[in-house]
Amino acid sequence: AQSVTQPDIHITVSEGASLELRCNYSYGATPYLFWYVQSPGQGLQLLLKYFSGDTLVQGIKGFEAEFKRSQSSFNLRKPSVHWSDAAEYFCAVGARNTDKLIFGTGTRLQVFP
Amino acid sequence: GAGVSQSPRYKVAKRGQDVALRCDPISGHVSLFWYQQALGQGPEFLTYFQNEAQLDKSGLPSDRFFAERPEGSVSTLKIQRTQQEDSAVYLCASSLARNTEAFFGQGTRLTVV
């Protein structure tokens, strides 16, 4: 069965520090992979997605993620975090024969000045 | 509007009451999804429409949950005889076609008392 694991429930970083949010997935074939961000009271906004091709994917707001098939991972990175990045981040996997998404439980990012 | 619109934003229902949640997708979007997000959890898939056809309802938790999209645009998620465990944020998303970005609404927060 498809599943997504985000091992870190809560991460705190200082503004300007680098960030890596972990995501591991379980899927029988090559999945579609996504990172979404959710601010309080807001819907989900897509940061980036991987469908095929280059395994290093660039997204909005300076985020990037790397698909590593051997590790079943799709970690999200940002070289320098801004206070406005504080939010909940969700990794998701999509099947190629259906458009529904399986989400992880999320990582809450807190940014200190 | 330009985005996915959901109404109401907040709904308080007494246990046993029926509720109806509305989703207005982005105009022209073929695919429509409903997700349920419990507090502190990631969204969980409920059901999927392609135009007016409900292609996947495998995530609906019980026969008290019913969704429709009769004209292939606006969708309604109905919950009959609400229970406390139905308390959650219900998210709607739409996408232009298969395997394209899904845009999420802000959600309806349902509280069953």
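Residues numbered from 1 in each chain as written. Chains lettered and ligands numbered in written order. Predicted model: local features only at pLDDT ≥ 70, side-chain atom pairs only at ≥ 80, totals over all residues. Heavy atoms only, no water.

Looking at this model, I keep getting lost on the overall build of chain A. Mind explaining?
The helix and strand inventory of chain A stands at zero helices and twelve strands. Along chain A, helices (α) and strands (β) appear in the sequence β-β-β-β-β-β-β-β-β-β-β-β when read from the amino end. Its C-alpha radius of gyration of 13 Å places chain A within 12% of the 13 Å reference for a compact globule of 113 residues. Along the first, second and third principal axes, the C-alpha atoms of chain A reach 45 × 30 × 20 Å. For chain A, the residues scored as buried account for 48% of the 113 residues in total. In chain A, 53% of the contacts between residues at least 6 apart in sequence involve partners at least 24 apart. (Helix = DSSP H or I, 4+ residues; strand = E, 2+ residues; numbered from the N terminus. Rg over C-alpha atoms; globule rule 2.2 N^0.38 Å. Buried < 20%, exposed > 50% of the residue type's maximum accessible area, 1.4 Å probe, protein only. Contact = heavy atoms within 4.5 Å.)

Just checking my understanding: could you explain the state of the cysteines for this structure?
Here a disulfide denotes a covalent bond joining the sulfur atom of one cysteine to the sulfur atom of another. Residues and elements named next belong to chain B. Here the structure, examined in full by the defined rule, presents two disulfides over all chains. Note on cysteine connectivity: Cys23 is disulfide-linked to Cys92, with sulfurs 1.9 Å apart. Of note, the bridge from Cys23 to Cys92 carries an S-S torsion of about -65 degrees and is left-handed in sense. In this pair, Cys23 sits in strand E3 (residues 19-24) while Cys92 sits in strand E9 (residues 88-95), placing the two residues 69 residues apart along the sequence. A residue is classified by how much of its surface remains accessible, and Cys23, at 0% relative accessible area, is buried. (Disulfide = S-S within 2.5 Å.)

For this particular structure, what's the right way to read the nonpolar core?
One recurring pattern in soluble globular proteins is that nonpolar side chains are buried together. Counting 26 residues, the largest nonpolar core has Trp35(A), Leu48(A), Leu76(A) and Tyr89(A) as the members making the most contacts within it. Contributing elements (two or more residues each) for this core: strand E2 (10-14), strand E3 (19-21), strand E5 (32-38), strand E6 (44-50), strand E8 (64-68), strand E9 (73-78), strand E10 (87-94) and strand E12 (107-112) of chain A. Ranked by residue count, the leading element in this core is E10(A), at four residues. Those residues within four positions of Tyr89(A) in sequence are excluded, and the remaining contacts are Gln6(A), Leu21(A), Trp35(A), Tyr36(A), Val37(A), Leu47(A), Phe63(A), Leu76(A), Gly106(A), Thr107(A) and Leu109(A). One finds Ala13(B), Cys23(B), Trp34(B) and Tyr90(B) within the second-largest nonpolar core, a separate group that totals 20 residues. (Core = buried A, V, L, I, M, F, W, Y, C linked by side-chain atoms within 4.5 Å.)

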